[in-house]
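Now for the letters of each chain:
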Amino acid sequence: LVTQASLIYFVDATRNPYKEVEASVKWAQSSAVSHEMALEIISRRDETQHLGNFENPGGGIGGVSYVFGMIRQRTVDLTLRTSLLFSRNQSFEVYAQPFITVGDYTQARELAAPFTDELVPYTRDGFKASDSDFSYTSVNLNAVYRWEYRPGSTFYLVWTHNRSDYSERAAGPQHFNNRLRTGAFFDTEPGNTILAKISYWIPV
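These numbers come from a predicted model, not from an experiment.

(A) Quick look at the pairing of strand 1 (residues 2-11). For strand 1, a buried count of zero out of 10 residues is recorded, marking the element as mostly open to its surroundings. Bridge count between strand 1 and strand 2 (residues 17-28): 10 bridges; the pairing is antiparallel. Bridged to Ser6 within strand 2 is Glu22.

This is the structure in structure tokens:
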């Protein structure tokens, strides 16, 4: 049984903080069975996240406003893996990775002048930085069976299952949910793919 953990914290030149916690566990249950789990949690804030370039006749920089917002983003990433060795010639491996990230925007500002980092409030009527709030979830699952039916010749059978969902507040504010939640993994239609591969070694 092997465990490890790490904590990362830094602040960039514009004083935007980044925090990351990572922990993992590896367990050799036997000589034929092993498991691995890794969890990563990230929290970051960036006051200069680009939101878009918008026409602004008579204003902005050359009639274009280069708009930035402050984002607070949270991410959870989990990786699970199990390997089974049935015999010297046969094995089975399962891999799963659920992933969630959400972002909240505030303080819409635009670049004040070329070749500077000065930002001023962006006040176009009807523009809300929070309309760019987003939520993305995905889960990927792979199962691989390997059989070396003769020396140098192998058969693979693979099943891939995936789900993903991306939404923004502006696209559907009445249904938008920007919390870290696992229910989103089951709200979307899955994609399933089955592949088979066989190779035959011909000695020459």
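(B) Expanded view of the packing of aromatic side chains. Counting across every chain of the model gives seven aromatic pairs. Three or more aromatic residues joined by ring pairs form one cluster here, namely Phe54, Tyr122 and Phe127.

(C) Main features of the environment of Glu20. Relative to the assigned elements, Glu20 resides in strand 2. When the C-alpha positions of Glu20 and Leu85 are compared, they lie 34 Å apart, and in sequence the two are 65 residues distant. Excluding anything up to four places from it in sequence, Glu20 contacts Ser6, Leu7, Ile8, Glu40, Ile41 and Ile42. Here Tyr18 takes part through its side chain, which lies 2.7 Å from a polar atom of the side chain of Glu20.

(D) Structural view of the pairing of strand 2. In sequence, strand 1 turns back onto strand 2 through a hairpin of five residues, with Arg15 there showing a positive phi of about 65°. Looking at chain direction, strand 2 and strand 3 (residues 33-55) are connected through 11 bridges and run antiparallel. Bridge pairing in strand 3 places Ser24 opposite Ala38.

(E) View of unusual backbone geometry. At Gln107, a residue that is not glycine, the phi angle is positive and equals roughly 55°. You can see Gln107 is positioned in strand 5 (residues 90-111). Look at Phe115: it is not a glycine, yet its phi comes out positive at around 60°. By the element assignment, Phe115 lies in the loop between strand 5 and strand 6 (119-121).

(F) Expanded view of the nonpolar core. If you look at the biggest cluster of nonpolar residues, it comprises nine residues: Leu51, Val67, Ile71, Tyr105, Ala108, Tyr122, Phe127, Ala129 and Phe134. When residues of this core are traced back to their parent elements, those giving at least two are strand 4 (64-85) and strand 5. In contact with Leu51, other than residues within four places in its own chain, are Val67, Phe68, Gly69, Tyr105, Phe127, Ala129 and Ser132.

(G) Layout of a nonpolar patch on the surface. Nonpolar side chains collect at one region of the surface, where Leu1, Val25, Trp27, Met37 and Leu80 lie side by side and expose about 480 Å² of accessible area between them. For Trp27, a relative accessible area of 43% translates into the label partly exposed.

(H) The arrangement of the environment of Gly191 in detail. Relative to the elements of secondary structure, Gly191 occurs in strand 9 (residues 191-198). Classification of Gly191 by relative accessible area gives partly exposed; the value is 24%. Gly191 sits 27 residues away from Ser164 along the chain, and the two C-alpha atoms are 9.3 Å apart. When residues no more than four places from it in sequence are discounted, the contact partners of Gly191 are Thr160, His161 and Asn162.

(I) Focus on the side chain of Gln73. Note that Gln73 resides in strand 4. Of the polar contacts made by the side chain of Gln73, one reaches the side chain of Arg44; its length is 2.9 Å. Those residues in contact with Gln73 that lie beyond four places of it in its chain are Ile42, Ser43, Arg44, Thr101, Val102, Gly103 and Phe134.

Definitions and cut-offs
Counting restarts for each chain: residues are numbered from 1 in the order of the written sequence. Two thresholds apply to this predicted model, a pLDDT of at least 70 for residue-level local features and 80 or more for giving and counting side-chain atom pairs, whereas whole-chain, interface and lining totals are computed over all residues. For side-chain calculations, the full set of non-hydrogen atoms in the structure is used, while hydrogens and water are omitted. Classification of residues uses two cut-offs on accessible area relative to the type maximum, computed with a 1.4 Å probe and protein chains only: under 20% is buried, over 50% is exposed, and between them is partly exposed. Note on conventions: DSSP H or I runs of at least 4 residues are helices, E runs of at least 2 residues are strands, and numbering of each starts at the N terminus. Strand pairing follows a simple DSSP-based rule, namely that at least 2 bridges must link the two strands. In summary, the pairing rule links any two rings of Phe, Tyr or Trp, Trp by its six-membered ring, whose centres are within 6.5 Å, and it sorts them by plane angle into stacked for under 30 degrees, edge-to-face for over 60 and tilted for everything else. Contact criterion: two residues are considered in contact whenever any of their non-hydrogen atoms come within 4.5 Å of each other. Any pair of nitrogen or oxygen atoms within 3.5 Å is treated as a polar contact; in protein, a donor-acceptor pairing is required on top of that, and neighbouring residues in sequence qualify only through side-chain atoms on both sides. Take the buried Ala, Val, Leu, Ile, Met, Phe, Trp, Tyr and Cys residues and link them wherever side-chain atoms come within 4.5 Å; each set so joined is a nonpolar core. Patch definition: residues with relative accessible area over 30% and no salt bridge; like charges joined within 9 Å; nonpolar side chains (Val, Leu, Ile, Met, Phe, Trp, Tyr) joined within 5 Å. Accessible areas in this description were obtained via Shrake-Rupley with a 1.4 Å probe; residue shielding takes into account the shown protein chains only. By convention in these notes, a salt bridge is any Lys or Arg side-chain nitrogen within 4 Å of a carboxyl oxygen on Asp or Glu.

Honestly, that's just the spatial picture; any functional story needs more than this.
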